[in-house]
Amino acid sequence: MRFPLALTAKIARHIIKHKLRRTPKFALVLQLEPLHTCNLTCTGCGRIREYSTSLKDMVPLENCLQAAMDCDAPMVSICGGEPLIYPKIEELVAGLLEQKRIIYICTNGMFMRKKMRDYLAAIYHSSNPSHESYLTRLLAGNLITEKEAEAIRHADAAAHSKVVIRPTQWMYWNVHVDGLEFTHDLIVEREGVFKECVAAIKMAKILGFQTATNTTVYKETEVQELEDMFGFLSSLNVDGHTISPGYEYDAAKKDMVKRLGRQPEDFFLTRKMTRQKFAKIQEWGEKFTIFGTPVYQEFLAGKRELTCTAWAIPTYNVKGWKAPCYLMTDGHYDGYQEMLAKVQWDKYGVVDGVARDPRCENCMVHCGYDPSGALGTNYQRGDNWKNFKYNFGAKPKPYYAGRNVQAFNGVSIGKGHLAPAAAALKSAGLTQEGADSEFYIRQMQQTGASLNHVNGGCGNGDTSQRDELLAKIGANKDA
Ligand code: SF4
Ligand code: SF4
C-alpha cells in the first residue's frame, strides 16, 4: 500500500463519518505553524515575508495541541518556519501522537540529523547490539562523526530522559526538496542544503523513520529534472512524495520584485503552465509513491476541473486560524468553527474556469484542491474506485535505476551558485566562510536565537548580505 493500512483506514473512517453526518465542511489536514522563524530564506517563500514582524512569536504548546483538537483533523502537518527550531517540537509530536493523529514534520532538513542523534542518545544502551549496529552503519555512511558517536555512547541521564522524536508508522519526516543539488540550493538560497537533506534522509531510513519529501514546482523547474529527482529519492527508499505547483501569493510576489528584481510571472506558474509541467503526473504516480488522489492528479494534468476546498486543510499559526487558506490571508480567527462560519467560502476558488477572486486565478495548489479529490467535489462516476485503487493498491517498488542520476550537480562538483560570488569576495580580500559566518551571526543577533539552540543559522527574511552575493551571481550570469 502507498500509505500504511492503519493510516489510510483512519483517514477513510474520518471522511465516511462526516459524510454520514452530512457535515458540510470539516478538516482533513491541519497545517500547524508553531512559529515562522526559519534558518533559510528560500526564494518564493511567502511565510518568512508575510509574517516578518512576528518571527519571534511562537504558538504555546498547549495552543498547538488545542488547535488539533479544535479542528480534529486526522493528519497534522507541522510546518512553519522551520518546525525543528520550535523549542517544544518533541513535546508537540508526543502530544499529537497521544491524540492519535498522523504527523508530518515539514522540514528543510538542516536540523534533522541533530534530532536523530538526540533520539539515539536517548535510547542507546551498550548491551543492545542493534544500537551499536546503528552507529556502525551511520559511521560507515559518514552520517555521523566519531565524536558524535562517542557522545551518543556516553550520553548522560538527562539525554536518556529527554523527550525525543522516535520512529513510528504514525509520523513522517517530510523533507523539502525542490530539485537536484544545483536547483535546490539555488531556490533555498544556500549551498550545501541538498547534501544535508540527502544525508538526513539516509540517516532516517537507517533508523527506521518514515520519510517523505515535498516539492514545489516553479516556472523554471524542468520536468525531466523532477522525474530524475523522484528516481533518485526513490532509490534512497523515500516512502512518498507530495508535489504542488508554486503559487504567486502576494508576500512572495512583492519580495520577488523588491529583493531579486524579478517579475512574478518570471517565477511562478500560471494555470496553463502548471498543466504543461504536470502533464506526466499520472505516469509519475504509477512509477513513484506520490501521495494524494488520482483525481487531483487529473486536475493538475488539465483533464478536469475541481472546486477549491481550502477549509479542509486549515492553517493555524501565531495569529490564529488563517483564512481563507494557507496562501492567502484575509483574516485570522480564534476558532476553527468560527472561521468556517464567518468566511464567505463561495467568494474564493475558480469555478468552470472563472476565478471568483482574482488572486485564485492561477492557483492549483494541493492545500486547496487535493482534498477536493478525496471529498468528491465535482464527483465523476468511478472517482471513488479510482481513489481507493490508488491508495489501497500496491506501493510502487523503489526505483533503483535512480542511483544513476547525477543528483549532486551543484556545489559538490564545484558548480555552486555562490562560487562566482565567492571568487569576487576573494578578490576583494574576503573569504566565503568569513562572509557566511558574518551573515549567520548577524541573523542570530536579529532573531535573538542562540547559536547552540538552532545549530546552523536562523533566518528572519532580512537577506541583504546574501542578496549582495546573489546580485554578484546575477551579474556573472549576465556577463
Ligand atoms: S525552509 Fe524555506 S520555504 Fe520553508 S519556511 Fe524556511 S524559508 Fe520558507
Ligand atoms: S483557490 Fe483556494 S487555495 Fe487557492 S488561493 Fe484561492 S482560496 Fe486559496
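Each remark here, short or long, concerns the structure printed above.
This write-up is about the structure you can find in this document. Just so it is clear, the model here is predicted, and its values are computed rather than measured.

**What to know about the overall build of the protein**
Looking only at helices and strands, the protein has 23 helices and eleven strands in total. For the protein, the proportion of its 479 residues judged to be buried stands at 47%. A separation threshold of at least 6 residues defines the contact pool for the protein, and within that pool the share at least 24 residues apart is 78%.

**Some points on the sheet that holds strand 8 (residues 320-324)**
On the basis of which strands lie adjacent, the open sheet formed by nine strands has the order 6-5-4-3-2-1-7-8-9 and mixed pairing. Every interior strand has two partners, whereas the edge strands, strand 6 (240-245) and strand 9 (329-333), have only one. Taken pair by pair, the neighbouring strands of this sheet meet at an average axis angle of 25 degrees, ignoring direction. Pairing of strand 4 (residues 171-176) with strand 5 (residues 210-217) involves five bridges; the strand directions are parallel. Within strand 5, the residue paired with W173 across the bridge is T211. Packing against the sheet, helix 4 (residues 89-98) makes contact with strand 2 (75-78), strand 3 (102-107) and strand 4, and its axis sits at approximately 155 degrees to strand 3. Sitting on the sheet, helix 10 (residues 193-207) touches strand 4 and strand 5, and the angle it makes with strand 4 is about 165 degrees.

**Regarding the environment of G349**
If you trace the backbone, G349 turns up in the loop between helix 17 (336-342) and strand 10 (350-351). Judged by the 23 C-beta atoms lying within 10 Å of it, G349 falls in the buried class. Each residue touching G349, except ones within four places of it in the same chain, is listed here: T307, C308, R356 and C360.

**A word on the packing of helix 5 (residues 112-123) against helix 7 (residues 146-153)**
For the pair helix 5 and helix 7, interaxial distance at closest approach is 8 Å and the crossing angle is 40 degrees. Across the interface between the two elements, R117, L120 and A121 of helix 5 pack against E148, A151 and I152 of helix 7. Counted by class, the contact of helix 5 with helix 7 contains four nonpolar, no polar and two charged residues.

**A word on the nonpolar core**
Core analysis: the largest hydrophobic core is formed by 120 residues, its most contacted members being L30, A68, A73, V76, I78 and I103. Looking at this core, the element that brings in the most residues is helix 10, giving eight residues. Among residues more than four places away in sequence, those in contact with I103 are V76, I78, V93, L96, L97, W170 and M171.

**Concerning helix 4**
Turn by turn, an α-helix covers 3.6 residues, leaving residues three or four places apart pointing in a common direction. Within helix 4 the residues assigned to the buried category are I89, L92, V93 and L96. Down the axis of helix 4, the smallest arc covering the buried residues is 95 degrees, so these residues share one side. Next to the buried residues of helix 4 lie helix 3 (61-71), strand 2, strand 3 and strand 4. Of the residues one or two after helix 4, K100 is the one with positive phi, at around 65 degrees.

**Side note on the pairing of strand 2**
On any regular strand, side chains alternate: one points to one face of the sheet, the next to the other face. Here strand 2 shows no split at all, with M75 and S77 on one side and V76 and I78 on the other all buried. Pairing geometry for strand 1 (residues 29-32) and strand 2, over four bridges, is parallel. By the bridge assignment, V29 is partnered in strand 2 with M75. Sheet analysis places strand 2 next to strand 3, joined by four bridges and oriented parallel. Considered in strand 3, the bridge of M75 is made with I102.

**Overview of the site of ligand 2**
Surrounding ligand 2, one finds 14 residues, the nearest of these being C308, C325, C360, C363 and G368. Each residue belonging to the shell around ligand 2 can be placed in one class, and the counts come to eleven nonpolar, two polar and one charged.

**Considerations on the environment of W345**
Secondary-structure assignment places W345 in the loop between helix 17 and strand 10. For W345, a count of 18 C-beta atoms within 10 Å corresponds to the partly exposed category. Distance from W345 to W311, taken between C-alpha atoms, is 8.3 Å for residues 34 residues apart in sequence.

The rules behind these values
- Residues numbered from 1 in each chain as written.
- Chains lettered and ligands numbered in written order.
- Predicted model: local features only at pLDDT ≥ 70, side-chain atom pairs only at ≥ 80, totals over all residues.
- Helix = DSSP H or I, 4+ residues; strand = E, 2+ residues; numbered from the N terminus.
- Buried ≥ 20, exposed ≤ 12 C-beta atoms within 10 Å, placed from the backbone.
- Contact = placed C-beta atoms within 7 Å.
- Pairing = 2+ DSSP bridges.
- Axes fitted to C-alpha atoms, helices over the stretch in contact; angles between N-to-C directions.
- Nonpolar A, V, L, I, M, F, W, Y, C, P; charged D, E, K, R; others polar.
- Core = buried A, V, L, I, M, F, W, Y, C linked by C-beta atoms within 7 Å.
- Arc of directions from axis to C-beta.
- Near = placed C-beta within 6 Å.

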